[in-house]
Amino acid sequence: MSGIRFSFPACVIAGKGRIDRHDLLILRKYTFADGIRTYEDALLLLALNDMCPIHCDEWPAYFVEQLTTFIVDEAAPRGRIDATKSAWLMRALALDGRIVEPAQLECLLHAMERAESCPDILSAFALDQLRHALCGRPAGGCSVTSLRLAGITADDLAYVWRILRKRVSSGRLLVSALEASSLRMIQDIVQDRDNHPGWDDVMAFVSGEERAGSLRNRPWLMTTEGATGWNERVA
C-alpha cells in the first residue's frame, strides 16, 4: 500500500506508528467523518492499521465494523458479496494468500456473516487460513509454534462453522466442490492428529456418509454463535 496518499490528520497519525483514543476521535471527526464510503477510504483505513501496530483498545472494533459496513452495505451490489468484492478482499487483506493480522481476518469473517450471500471462492479462501495455520505458516495472527501440531480443536471447529453455517439447510451441510476441496486439504493435514469429534462429522458430510437431519442435533454446532474465531486464541 505504498501508493496510499495520507492527508492531514491521517499523515500525522501514520507517522507516529500508533493510534490512541484521541487519534481515533480525530479520524472519526475529520478523515472518516462520513464513514468509509469508497474503496480509497477503505485502503486508507487498511494502511493506517498496517502502519500503526500499537493502538487503543477501541481501534480493532472500529476497524472491523467500518470496513465490514463498507464492503457489505455501501459498495455495490449492496447487501451481498460478489466476485468483484471477493477479489478485492483477498487482495487487500492477504499477502501471498495468507491473512496474518487478526483484525483483518475478523473483517473477512464478519463481512461473510453480514452479507446475504458470498461466492464459494471466498469461503474456500477463509478455510485456507486454517490450513495455513495448521501447516505452521503464520495466518490470522498465528505464530509458528508447537501448538499447531495439534489437530482440529473446538476453537478451530467454531471457526469452520462461522464460515459454513449458511451452508446448512434442513439439517444437511451443502458445500460446493471448491469448499469441499479446501476441507479435504485440511483433512489431509490433520488425519493422523487428535481432532475434535465434530470434525469427523463435518468430513462425513463432505464425503456424503452422514445421514440427513443428524447435523441439527449436534450441540457443538451451537457454539458458533458469538464465537470470536480461532485466530484470537493463538494470536
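Note that the structure is a prediction, hence the values are computed from the model and not measured. (Residues numbered from 1 in each chain as written. Predicted model: local features only at pLDDT ≥ 70, side-chain atom pairs only at ≥ 80, totals over all residues. Heavy atoms only, no water.)

Points about the pattern of salt bridges
All chains considered together, the criterion is met by eleven salt bridges. A salt bridge links Lys16 to Asp20; the nearest nitrogen and oxygen atoms lie 4.0 Å apart. Classification of Asp20 as partly exposed rests on a relative accessible area of 31%. A salt bridge links Glu74 to Arg37, with the nearest nitrogen and oxygen atoms 3.5 Å apart. Note that Glu74 is positioned in helix α4 (residues 59-74) and Arg37 in the loop between α2 (21-31) and α3 (39-51), a separation of 37 residues in sequence. Residue class for Glu74 comes out partly exposed when judged on its relative accessible area of 27%. In the salt-bridge network here, residues are joined through shared partners; they are Glu106, Glu113, Arg162 and Arg165. (Salt bridge = Lys/Arg side-chain N within 4 Å of Asp/Glu carboxyl O. Buried < 20%, exposed > 50% of the residue type's maximum accessible area, 1.4 Å probe, protein only. Helix = DSSP H or I, 4+ residues; strand = E, 2+ residues; numbered from the N terminus.)

Thoughts on unusual backbone geometry
The omega angle of the peptide bond from Phe8 to Pro9 is 5 degrees, so this bond is cis rather than trans. Tracing the chain through its elements places Pro9 in the segment before α1 (10-16). The step from Ala76 to Pro77 runs through a cis peptide bond, and the omega angle for that step is -5 degrees. Mapped onto the elements, Pro77 comes out in the loop between α4 and α5 (83-93). A positive phi angle, close to 50 degrees, is found at Ser170, a residue other than glycine.

Overview of the packing of aromatic side chains
Note on aromatic pairs: each is described by the distance of the centres and the angle between the planes. Taken as a whole and assessed by the stated rule, the structure comprises four aromatic pairs. Ring-pair connections join several aromatic residues into one group, and the members of that group are Tyr39, Phe70 and Trp88. (Phe/Tyr/Trp six-rings, centres within 6.5 Å; stacked < 30°, edge-to-face > 60°.)

Quick notes on the confidence of the model for the chain
Per-residue confidence for the chain gives a mean pLDDT of 86; residues scoring 70 or more make up 82%. Across residues 141-147, confidence stays below pLDDT 50; counting only partners more than four residues off in sequence or on other chains, it has 13 contacts. (pLDDT = per-residue confidence, 0-100. Contact = heavy atoms within 4.5 Å.)

Some thoughts on helix α10 (residues 197-207)
Given 3.6 residues per turn, any residue in an α-helix points the same way as the ones three and four places further on. Counting buried positions along α10 gives eight out of eleven residues, so the element sits mostly inside the fold. Taken together, the buried positions of α10 are occupied by Gly198, Trp199, Asp201, Val202, Met203, Ala204, Phe205 and Val206. On its buried side, α10 packs onto α8 (154-164), β4 (172-173) and α9 (177-190). One or two residues past the end of α10 sits Gly208, with phi positive at roughly 85 degrees.

Focus on the side chain of Ser123
Mapped onto the elements of the fold, Ser123 is located in helix α7 (residues 120-134). Relative accessible area serves as the criterion here: at 0%, Ser123 is assigned to the buried category. Polar contacts involving the side chain of Ser123 include one to the main-chain carbonyl oxygen of Asp120, which spans 3.0 Å. In contact with Ser123, not counting residues within four places along its chain, are Met112, Ile163, Arg167 and Glu179. (Polar contact = N/O pair within 3.5 Å; in protein donor to acceptor, adjacent residues only side chain to side chain.)

A short note on the environment of Asp82
Counting through the fold element by element, Asp82 comes out in the loop between α4 and α5. The exposure class assigned to Asp82 is buried, which follows from its relative accessible area of 19%. Distance in space between the C-alpha atoms of Asp82 and Val72 is 9.8 Å, their sequence separation being ten residues. Beyond its immediate chain neighbours, meaning those up to four positions away, Asp82 contacts Pro77 and Pro119. At a separation of 2.9 Å, a polar atom in the side chain of Asp82 contacts the main-chain amide nitrogen of Lys85.

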